[in-house]
Amino acid sequence: LAKTTQPISMDSYEGQEVNITCSHNNIATNDYITWYQQFPSQGPRFIIQGYKTKVTNEVASLFIPADRKSSTLSLPRVSLSDTAVYYCLVGPMDTGRRALTFGSGTRLQVQP
Amino acid sequence: GAGVSQSPSNKVTEKGKDVELRCDPISGHTALYWYRQRLGQGLEFLIYFQGNSAPDKSGLPSDRFSAERTGESVSTLTIQRTQQEDSAVYLCASSLAQGPEQFFGPGTRLTVL
């Protein structure tokens, strides 16, 4: 599974757009990029997944450049409730075992 | 419908005792995963069940750890002769055979004294 590198922590203020970048230089052709969010004392929650270009849902956008060696999770107009740890994961979706490899994630702190 | 549930939510045990953790996946989800999360760290994969296939046990840290799953329903993770380094939150997740999303339970916080 491709190794990922993301910032340990980020700070933001309510109403701002937050962009969290993840590096995955060794991404394989059949790997997808997935982001999860984890609040304290809870299990992770799926946010978004993409393979290339841009994916958008009601929660976030995911930008993936052509070389796919990095990706950026964009959270529009964050609120205090977006304070959480965000994990970037890379791995194939077409194999029997799709266990996720989680790094330490990015701890986002949103302040008033 | 109901999400993934785990029990107990908290477990305190003494070193050397055995513990059993339970996971009830979402109905219809054929895949089930166990992860371990130490304080302030990411998740470590432990074991994966998919339907009636042989489980993938490649993440189990030692032979003190074992897990079972009854068909496509309940799973139990057993840790024998617990050690202090086993203290962590144990998370269970389930998913459909297809699709990217894993649904996580709230976890069981295990403390080994």
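Our structure is the block above this text.
My aim in this report is to walk through the structure given alongside it, one point at a time. As the structure is a prediction and not an experimental result, all values here were calculated from the model. (Residues numbered from 1 in each chain as written. Chains lettered and ligands numbered in written order. Predicted model: local features only at pLDDT ≥ 70, side-chain atom pairs only at ≥ 80, totals over all residues. Heavy atoms only, no water.)

## What to know about the sheet that holds strand β4 (residues 45-50) of chain A
Within a sheet, each strand pairs with its neighbour through backbone hydrogen bonds, oriented either parallel or antiparallel.
Residue and element names in this part refer to chain A.
Item 1. If you trace the 5 strands from one edge of the open sheet to the other, you get β1-β9-β8-β3-β4, paired in mixed fashion. Of all strands in the sheet, those with a lone pairing partner are β1 (9-13) and β4, marking the two edges. Going from strand to strand, the sheet's axes swing by 25° on average, the running direction of each strand aside. (Pairing = 2+ DSSP bridges. Helix = DSSP H or I, 4+ residues; strand = E, 2+ residues; numbered from the N terminus. Axes fitted to C-alpha atoms, helices over the stretch in contact; angles between N-to-C directions.)

## Looking at the state of the cysteines
Item 1. All told, the structure shown has 2 disulfides over all chains when counted by the stated rule.
Item 2. The residue that forms a disulfide with A:C22 is A:C88, at a sulfur-sulfur distance of 2.2 Å. Between A:C22 and A:C88, the S-S torsion sits near -80°, and that sign places the bridge as left-handed. Residue A:C22 is located in strand β2 (residues 18-23), and its partner A:C88 is located in strand β8 (residues 84-92); the two are separated by 66 residues in the primary sequence.
Item 3. Looking at A:C88, the relative accessible area reads 0%, which means it is buried.
Item 4. One disulfide in the model links B:C23 with B:C92; its S-S distance is 1.8 Å. With the S-S bond torsion at -65°, the cross-link from B:C23 to B:C92 turns out left-handed. Of this pair, B:C23 sits in strand β3 (residues 19-24) while B:C92 sits in strand β8 (residues 88-95), placing them 69 residues apart in sequence. (Disulfide = S-S within 2.5 Å. Buried < 20%, exposed > 50% of the residue type's maximum accessible area, 1.4 Å probe, protein only.)

## Looking at the pairing of strand β4 (residues 31-37) of chain B
All names here are of chain B.
Item 1. Within β4, 7 of the 7 residues are buried, which leaves it mostly tucked inside the rest of the structure.
Item 2. Burial of β4 is two-sided: the residues A31, Y33, Y35 and Q37 facing one way and the residues L32, W34 and R36 facing the other way are all buried.
Item 3. Direction of pairing for β4 relative to strand β5 (residues 43-50): antiparallel, over a ladder of 7 bridges. If you follow Y35 over to β5, its bridge partner there is F45.

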